[in-house]
Amino acid sequence: MSVNAINAADAPQQKKSNAGSAVAAGVGLGAVGATAGYFIGNKRPDLEKVFTQSPDTFTSEAVKSADAASAKVLEDAVNEYKAAGDEAAVTTAAKNRGASIIGQTPDNITELNDAVTTAERNLNTKTVTIENTPCKLADIQSELKTKADAHKAAKEAVKNAGANATDAQRQAVTDAKAKLDKVIAKRKAFLEGAKTEVDALRTARENRFDAQLAKFNAQAAVEGSTEKGLVTALETAKTNLTNARNTKKTEILGRDAVKEAFEKIKSAIPKEGGKKMAMYIGIPAAVVGVLAGLMSGKKEA
């Protein structure tokens, strides 16, 4: 079975580079943000702080209670900002560098590969007794996919039915979720029972990746090398994206229409804490994040 059966977090991952930061900060700022209760007290928050609010606190109900025209101005400005620069170039360059790293062949690659293969085999043949039943990871993974597909289908049925969804259809979603949760718990129990094997596989993968990364970095230090070119291409793409978005940000924030829209939204915010404040902000959740970047003046990378 595939070694991807263990948690994605169990596989070694390259540390996030500034490429990820450039894309995340430039496109999805606020996808992670302060909690709804960030503002406490009687002082009305300024715009920069307002737009660091967590997007999930902004509901469709809130849109109705504020200035829809101003929200549209802000949404258009955000979309324009997101379109600035070549984000795809950064993503492509980052993928190319990643592919080169995992394609490296250090001197002991055979030994490293053998260690990974052995660890995979040990995990895949491991049997853990769960609720008096011997279980293997492959069987649990298969069951997990079946239950996940059933849950997805049940939700789709309710979604497609809309207001006409029956109680039976809604109950089917609840039942499917309960079955899915049960298999997820079983998988967790298996991984806990196979901790030795899971840890061994994680270590083997990390050792191989670290060796590949070390070789890549050594090659990247050589002028004219392919690896050096990949690093340069990524840095150039990141710089171009940052510069383009900074230029666009300056332009957007200089527009009277945008300034006025911000003021109208700001005036709709009460002085209470964040949870009540969220009920009055009338901008789409997707807009909230990038506005944080527009207002904060922080670099995108």
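Here the structure is shown first, and the text comes after it.
This section reports on the structure supplied with the text. (Residues numbered from 1 in each chain as written. Predicted model: local features only at pLDDT ≥ 70, side-chain atom pairs only at ≥ 80, totals over all residues. Heavy atoms only, no water.)

All right, on to the overall build of the protein chain then. Scanning the protein chain from terminus to terminus reveals 13 helices and two strands. Looking at the protein chain residue by residue over its 301 residues, the buried ones come to 36%. Counting contacts in the protein chain only where the partners sit at least 6 residues apart, residues at least 24 apart contribute 81% of the total. Here the protein chain displays about 16,800 Å² of accessible surface, and carbon together with sulfur accounts for 52% of that area. (Helix = DSSP H or I, 4+ residues; strand = E, 2+ residues; numbered from the N terminus. Buried < 20%, exposed > 50% of the residue type's maximum accessible area, 1.4 Å probe, protein only. Contact = heavy atoms within 4.5 Å. Areas by Shrake-Rupley, 256 points an atom, 1.4 Å probe, with all protein chains shown as cover.)

Here the focus is the environment of Ala84. As for its position among the elements, Ala84 is in the loop between helix H4 (68–83) and helix H5 (87–102). The spatial distance from the C-alpha of Ala84 to the C-alpha of Lys248 is 6.7 Å, given a sequence separation of 164 residues. Other than its neighbours up to four places away in sequence, Ala84 contacts Leu241, Ala244, Arg245 and Lys248.

On to helix H8 (residues 167–193). In this model H8 runs 39 Å from its N-terminal to its C-terminal C-alpha over 27 residues, within 8% of the 39 Å that 1.5 Å per residue would give. All buried positions along H8 are accounted for by Val173, Ala176, Leu180, Val183, Arg187, Phe190 and Leu191. Where the residues of H8 are buried, they touch helix H6 (109–124), strand E1 (128–130), strand E2 (133–135), helix H7 (137–161) and helix H9 (195–220). (Expected span 1.5 Å × (residues − 1).)

Time to look at the packing of H7 against H8. The N-to-C vectors of H7 and H8 enclose an angle of 160°; their axes lie 9 Å apart at closest approach. Here H7 lies roughly antiparallel to H8, going by the angle between them. As for the relative orientation of H7 and H8, their crossing is left-handed in sense. A per-class count over the contact of H7 with H8 returns 17 nonpolar, three polar and eight charged. (Axes fitted to C-alpha atoms, helices over the stretch in contact; angles between N-to-C directions. Parallel < 35°, antiparallel > 145°, perpendicular 65-115°, else oblique. Left-handed = near helix turned anticlockwise from the far one by under 90°. Nonpolar A, V, L, I, M, F, W, Y, C, P; charged D, E, K, R; others polar.)

Here we come to the packing of aromatic side chains. The full count for this structure, using the stated rule, is zero aromatic pairs. In this structure, Arg245 packs its charged tip against the face of Tyr81, placed 5.9 Å from the ring centre. (Phe/Tyr/Trp six-rings, centres within 6.5 Å; stacked < 30°, edge-to-face > 60°. Lys NZ or Arg CZ within 6 Å of the ring centre and 35° of its normal.)

What follows is about the nonpolar core. Among the nonpolar cores identified, the biggest contains 17 residues, and Leu123, Ile130, Ile140, Phe190 and Ala194 are the most heavily contacted of them. For this core, the secondary-structure elements that each account for two or more residues are H6, E1, H7, H8 and H9. Per-element tally for this core: the top contributor is H8, with four residues. Grouped together as the second largest cluster of nonpolar side chains are seven residues, Leu74, Ile252, Ala261 and Phe262 included. (Core = buried A, V, L, I, M, F, W, Y, C linked by side-chain atoms within 4.5 Å.)

Mapped onto the elements, Leu253 comes out in helix H10 (residues 226–253). The exposure class assigned to Leu253 is partly exposed, which follows from its relative accessible area of 27%. Expressed as a C-alpha distance, the spacing of Leu253 and Ala77, which sit 176 residues apart in the sequence, is 9.1 Å.

With that settled, consider the side chain of Gln104. Its location among the elements puts Gln104 in the loop between H5 and H6. When its relative accessible area of 8% is taken as the criterion, Gln104 is described as buried. Not counting the four nearest positions on each side in its chain, Gln104 is found in contact with Ile109, Gln212, Lys215, Phe216, Gln219 and Glu227.

On to unusual backbone geometry. Phi is mostly negative for residues that are not glycine, and the peptide bonds are mostly trans. You will see that Glu131, though not glycine, has its phi angle at about 55°, which is positive. Relative to the assigned elements, Glu131 resides in the loop between E1 and E2. Of note in this structure, Asn132 is not a glycine but carries a positive phi near 65°. For Asn132, the location among the structural elements is in the loop between E1 and E2. Here Asn132 falls in the exposed class, since its relative accessible area comes to 76%.

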